[in-house]
Amino acid sequence: MSENHRQSALAKSIQSGLLRDPDRFIKTTWGKFIAFFTFRRIKLIRLEPDMFAKLRQEVWNFDEDEYQASFHTTSGQPPLKMIGDLGFSGSTFFSTRDDHFVIKSLPRHFEYTFFQSDLLEPYYEHMQRNPDSVLVWITDYILSPYVTLGTIFGCTPAHHIIMENILWGKADDPDGNRWETYDLKPIDYFYPERDLVPEPLVSEDTLRKLTDVFNDKLHLWQKDYDAFWKAILADTKFLKDANAVDYSLFLVRIPSSSSPTVMGRQSPWRAGISSADGKWKYRAVILDFFWARHKLRAQAMSGVVQTFNVVGRQGPMSITTTADEYRQNFLSMVKEMIEVHH
């Protein structure tokens with residue numbers, strides 16, 4: 001099967017999983033047997049649908065009909081748009097046809113087990129207490145209820161998160177080509193996903209996507225800075241308590257003349273904060289908080305990386321640091337980016 005067919009089958013599986021009523025999905029022995037031999041078009045269902053529905057409706061004020069409409073398509077339309085396979089995690093990215101939501105696969109065992117077992121309920125509670133959190137809004141989570149040959153052989157990822165698209169509105173903006181995006185991590189760290197992978201297996205274009213440098217300042221009024229910093233402190237404390245590392249700040253700069261809208265709660269850093277110098281609007285979210293120091297793969301790689309570090313003297317790494325140290329470096333990075341106006 002070609003790559004296009006693989007992507008199309010996965011997109012249809014994701015769409016069906018989001019529209020399928022999990023309460024009507026009945027597991028049977030025969031169903032497990034048939035599903036086991038599936039390679040591409042696997043069945044997916046929502047995990048904890050009531051929990052995510054409460055976040056969408058009671059915390060983020062989404063209209064549920066509008067939310068569901070993002071995943072419906074008319075006859076002949078592809079169910080989702082492929083964005084690409086990014087980085088070294090093997091993650092696959094889709095967006096809805098209206099660009100309102102992004103779907104990201106979690107193919108690595110240590111990522112989805114951390115999210116499901118350790119992070120999901122605390123994330124739900126944190127977002128209820130902090131409705132204007134800067135953590136990315138995860139609106140649904142779907143997975144395969146069956147073991148399949150496709151997931152065993154890595155052909156088809158079985159775990160996917162649905163997130164609000166922080167670039168919502170760019171496609172309809174006449175100045176959309178002037179939007180700027182930055183995926184920012186503390187620069188003191190180098191990343192074993194990059195530095196321990198043989199160069200012939202990795203394109204230079206992929207390497208450049210791993211992290212960006214923001215050679216400017218966020219110009220914020222004091223009141224906007226105070227609210228933003230309060231949210232960042234609360235969010236990174238939550239991640240530290242969960243023992244998470246390697247997360248990043250995804251920053252979007254939008255021309256001040258643009259007026260993109262968002263659905264639901266008008267939280268400042270998703271609707272867009274106007275810069276104090278009048279040139280930009282800013283959006284920001286914290287992304288990729290699925291790497292925990294206590295998960296097996298991170299522990300196993302730490303030994304390899306520490307040995308490599310002694311020989312190569314490459315400096316600190318995201319998986320050998322502590323969650324507290326990573327948080328402190330992350331906070332320092334964010335604070336250095338900001339210029340406060342009074």
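Residues numbered from 1 in each chain as written. Predicted model: local features only at pLDDT ≥ 70, side-chain atom pairs only at ≥ 80, totals over all residues. Heavy atoms only, no water.

An unreviewed UniProt entry annotates the chain as PIPK domain-containing protein of Penicillium decumbens.

S.K.: Got a minute to help me understand the packing of helix α9 (residues 222-241) against helix α12 (residues 323-337) in this structure?
M.R.: Each pair of packed helices gets described by two things: the angle between the helix axes and the distance between those axes. For the pair α9 and α12, the least separation of the axes is 10 Å and the interaxial angle reads 165 degrees. Relative to α12, the element α9 lies roughly antiparallel. For the pair α9 and α12, the crossing hand works out as right-handed. Across from Tyr225, Phe228, Trp229, Ile232, Leu233, Thr236, Lys237 and Lys240 in α9, the residues of α12 making contact are Ala323, Asp324, Arg327, Phe330, Leu331, Val334 and Lys335. (Axes fitted to C-alpha atoms, helices over the stretch in contact; angles between N-to-C directions. Helix = DSSP H or I, 4+ residues; strand = E, 2+ residues; numbered from the N terminus. Parallel < 35°, antiparallel > 145°, perpendicular 65-115°, else oblique. Left-handed = near helix turned anticlockwise from the far one by under 90°. Contact = heavy atoms within 4.5 Å.)

S.K.: Sorry, what's going on with the nonpolar core here?
M.R.: As a rule of thumb, soluble globular proteins bury nonpolar side chains together. One finds Ile14, Phe115, Tyr123, Ile138, Leu220, Ile286 and Phe289 to be the most contacted residues of the largest nonpolar core, which totals 88 residues. Ranked by residue count, the leading element in this core is helix α5 (residues 109-129), at nine residues. If near-sequence neighbours (up to four positions away) are discounted, Ile138 is found in contact with Phe52, Trp60, Phe115, Tyr123, Ile161, Ile162, Met163, Phe289 and Phe290. (Core = buried A, V, L, I, M, F, W, Y, C linked by side-chain atoms within 4.5 Å. Buried < 20%, exposed > 50% of the residue type's maximum accessible area, 1.4 Å probe, protein only.)

S.K.: How should the pattern of salt bridges be read in this particular structure?
M.R.: Side chains bearing opposite charge may pair, as long as their charged atoms lie close to each other. Per the counting criterion, the structure on display carries 15 salt bridges. Residue Arg178 is joined to Asp175 by a salt bridge in which the shortest nitrogen-to-oxygen separation is 3.9 Å. Among the residues examined, Arg178 registers a relative accessible area of 43% and is labelled partly exposed. Judged by its relative accessible area of 25%, Asp175 is partly exposed. (Salt bridge = Lys/Arg side-chain N within 4 Å of Asp/Glu carboxyl O.)

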